[in-house]
Each structure stands twice: as C-alpha cells, then as structure tokens.
Amino acid sequence: MTEAILLVGGKGTRLRPLTVNTPKPMVPAAGVPFLTHQLARARAAGVDHIVLATSYLAEVFEPYFGDGSALGLHIEYVTEEEPLGTGGAIRNVAARLHSGPEDPVLIFNGDILTGLDIRALVAEHRRVDADVSLHLTKVSDPRAYGLVPTDPTGRVTAFLEKPQTPAEIVTDQINAGAYVFRRSVIDTIPAGRPVSVERETFPGLLASGAHLQGMVDSTYWLDLGTPQAFVRGSADLVLGRAPSPAVPGRCGDRLVLPSARVATGAKLTGGTVVGEDAVVGEGARLVGSTVLSGAVIEPGAVITDSLIGARASVGARSVLTDAVVGDGARVGADNELRAGARVWCEARLPAGAVRFSSDQ
C-alpha cells in the first residue's frame, strides 16, 4: 500500500527512569517493546517498508528488529547525529524512501498508542488529493494540546497553540501524531537543521496555500509520554481495549510470559503484565501494573497502576500506587510509594523508609 517513517529518536525525558537505559519506543508494553505494536499495526494495514528515524540510544533498535523480516517488513535505520526535531527527522530519512513524488508516505510518532484506521487515513488522503493529511482526535480537555480546526469538508484552517483562555478553545480537535505526506512535500522541508512539523512545517504549508486535510478518528488514543500513561497503555493492550496484533498471548485480565513464576496465591488483575524470568511471591496483589523482566515482587506486596523495572525488586508487604521503580532498584519491605513516586535505577530503599501512613 505505502511505506512509512517512524519517529523514534526522542529522549523520553518525561518517562524517566524508564528511559535511562532504554529508548522510549523500546520500553515493554504488554510483553514486547512498544514499537512492536506500531510496526505490527502498520504491517496489518499493508505497509511493507518502514524507515526508523533514530537518535537517542539508537544502537538498541537494529539488534532487536534486524531487517524486519520476522514481522513481514523491510526495516531500515537512519540515525541523527544531532536531534533534528520531528520535521528534521522526516527530511533526514527521505533518501531511503522508494515512493514516487505523488505517492503517500505514512508518518507516525513513536509514543502514540492508537486504534487509528490507517487504511482509512490513506484513502481520505487520496480521495481529496491532499498534500498532507493528519489524524485528528477529539479530547475532553484540549488545553494541553495544540488545536487543529477544520472546515465542514475536513480541510485544516489553522494550527493553534495551546489555548490559554476559554475563548481560545475554538475546537476540541487535536493533532494525534499520525500523518500522510505527499512524497514531494517531504523534500520541501529544510535539510540539516532542526525543524518542527507542528510549529514550522504545517503552518508554513498552510500559509503557502497547500491542502492539509484532517481526518477525525476518535477510536482509542493515548499519548504514552508519562509513566502513568505508559502503564495504562500496557494494561489496555492486555485487556483488549487498545488493538494490537503483537500482544504475545490472549487478551484478558493478566499476561504472564512463559518464563515468569507467579505463586498460586498471588492475584493479578486489571491488565497486569509479568515479564520474562520475573517472580511474583505468595499473596502479592498486582492491579493494572507492569513487572519487567527479571524483577522480583516479594510476598504480600500490593502494587497498583505501577511499573517495576527490569531486575528490580519490591519487598514484602510494600504498597505501591502510581509509582515507578527503575531498573535494578531495590525497594525494601514495608514501604509505601504513592502519587507518582519514582525510584531511580539501582537505588536502594531500606525497609520501612518511606510511608504515607502510620506503621501501626
């Protein structure tokens, strides 16, 4: 059908410490690197050639995915020496595209989990003969996003910065991070310098009279930019709320990878994932959480909407809610971590060191 560019060069600073050792698209969601879900959905839509625009920890991607043949894809890798922004990254990989000047090229941000009908976006792009088509989604509170109003035919009329007052909220439509570019438009992006498609490329095209089309698709959509969102996205994949052909098992309340060990008296619900070689002890309760490879959850721990990094451990009877424990960290017994707490990689938290309640 077409080829695609995946923008996977970001540092994922909002996700730290998850991204200290791992680039954001390679952090596991529902048992596999998040990028696997995007690649699999693109392949299911008919894409067979994908160029990954890498930068931060770029050396991690190719050893895992190789040439893409295991996924039925041909994958190429282009690494930015210096971060170039979304537009600069797109321009930087243009030489690897095979498309003709009028052909459509799909472009995805590497941190969006979505149920977008990819074929429908490409079909809409072709139907109206657009220069660029954008996936738009509607949100209940658009104040944190740039707004993209359209006319009755779906043609984009403006790109508006995050609204500061109620009067500035002229639409609930936002840029959802997936695009179709006419191949020739990519070549108009300046080469060799940072460029933002959101702040420079799209407004510039609009000002020049180019046809930018918006397609509203309000199926599942989630920006995985924060640890809490990432954990939720992983759980939604396991529960079947977010579609992906790459979930390594049947959808349900839990996903336990084959080499993990879960005690018979442990309870896993809400889309919880237990990764390879991880251990969950007797009486532990995990709700909507992710336990990465080699981690240990000791007996009686209660973990809710949290992520436990690779090789980390959580001590007996500790209670974690909306927390992140980095790779290799050790949380001792009888701790309480809540409300977005982040324990850094390799940190050591003694038994009973942090509490939100009395020890009685």
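Since we're looking at a predicted model, the values are computed, not measured.

Definitions and cut-offs
Residues numbered from 1 in each chain as written. Predicted model: local features only at pLDDT ≥ 70, side-chain atom pairs only at ≥ 80, totals over all residues. Heavy atoms only, no water. Helix = DSSP H or I, 4+ residues; strand = E, 2+ residues; numbered from the N terminus. Rg over C-alpha atoms; globule rule 2.2 N^0.38 Å. Buried < 20%, exposed > 50% of the residue type's maximum accessible area, 1.4 Å probe, protein only. Pairing = 2+ DSSP bridges. UniProt positions renumbered as here; feature names shortened; annotations may be inferred. Domains from an automatic or database assignment. Contact = heavy atoms within 4.5 Å. Buried area = accessible area lost by both parts, 1.4 Å probe. Salt bridge = Lys/Arg side-chain N within 4 Å of Asp/Glu carboxyl O. Polar contact = N/O pair within 3.5 Å; in protein donor to acceptor, adjacent residues only side chain to side chain. Nonpolar A, V, L, I, M, F, W, Y, C, P; charged D, E, K, R; others polar. Core = buried A, V, L, I, M, F, W, Y, C linked by side-chain atoms within 4.5 Å.

### Notes on the overall build of the protein
- Within the protein, the regular secondary structure consists of seven helices and 28 strands.
- At 22 Å, the protein has a C-alpha radius of gyration in line with the 21 Å of a compact globule built from 360 residues.
- Seen through its principal axes, the protein has C-alpha atoms that stretch 70 × 50 × 35 Å.
- Within the protein, the proportion of its 360 residues that are buried is 55%.

### Here we look at the sheet that holds strand β26 (residues 336–337)
- Read from one edge of the open sheet, five strands run β14-β17-β20-β23-β26, paired in parallel fashion. Each edge of the open sheet carries a strand with a single partner, namely β14 (267–269) and β26.
- When strand β17 (residues 285–287) meets strand β20 (residues 302–304), the two strands line up parallel, connected through three bridges. Its bridge partner lying in β20, R285 is registered against V302.

### A short note on the UniProt feature "domain: Nucleotidyl transferase" (unreviewed entry) in the protein
- The feature "domain: Nucleotidyl transferase" (unreviewed entry), as annotated in UniProt, sits at residues 4–236 in this numbering.
- Within residues 4–236, the helical portion is 26% and the strand portion 23%, while the C-alpha atoms at the span's ends are 25 Å from each other.

### Quick look at helix α1 (residues 34–44)
- The element α1 is largely enclosed, with a buried count of nine among its 11 residues.
- Within α1 the residues assigned to the buried category are F34, L35, T36, H37, Q38, L39, A40, R41 and A42.
- Just past α1, the residue G46 takes up positive phi, approximately 105°.

### A few points about the domain arrangement of the protein
- Here the protein is described as being made up of domain 1 (2–223) and domain 2 (253–349).
- Once you take the C-alpha centre of each, domain 1 and domain 2 turn out to be 33 Å apart.
- Each partner contributes residues to the interface: domain 1 has 11 residues there, and domain 2 has 12 residues.
- Across the domain 1/domain 2 interface, buried area totals approximately 910 Å², and carbon plus sulfur atoms make up 67% of it.
- Counting every contact that joins domain 1 to domain 2 gives zero salt bridges.
- At the junction of domain 1 and domain 2, the tally comes to three residue pairs in polar contact (both at pLDDT 80 or more).
- Grouping the amino acids of the side of domain 1 that touches domain 2 by side-chain chemistry returns six nonpolar, three polar and two charged.

### A look at the nonpolar core
- Core analysis: the biggest nonpolar cluster contains 29 residues, and I5, I107, L134, F181, I186, F202 and L212 have the highest contact counts within it.
- The set of elements that each furnish at least two residues to this core consists of β1 (3–7), β4 (49–54), α3 (85–92), β6 (104–109), β8 (132–138), β9 (173–182), α5 (183–186) and α6 (197–207).
- Excluding anything up to four places from it in sequence, I5 contacts V51, I90, V93, L97, V105, L106, I107, F108 and I186.
- Counting residues in hydrophobic clusters, the runner-up holds 25 residues, among them A4, V8, A45 and L121.

### A short note on the pattern of salt bridges
- Summed over all chains, the structure comprises 17 salt bridges.
- Across the salt bridge formed by R96 and E76, the nearest N and O atoms sit 3.1 Å from each other. With R96 in the loop between α3 and β6 and E76 in strand β5 (residues 74–79), this residue pair connects regions lying 20 residues apart in the sequence.
- Classification of R96 by relative accessible area gives partly exposed; the value is 34%.
- The salt bridge involving E346 is made with R311; its shortest N-O contact spans 3.8 Å. Of the two residues, E346 is situated in the loop between β27 (342–343) and β28 (348–349) and R311 in the loop between β21 (307–308) and β22 (313–314); the sequence distance between them amounts to 35 residues.

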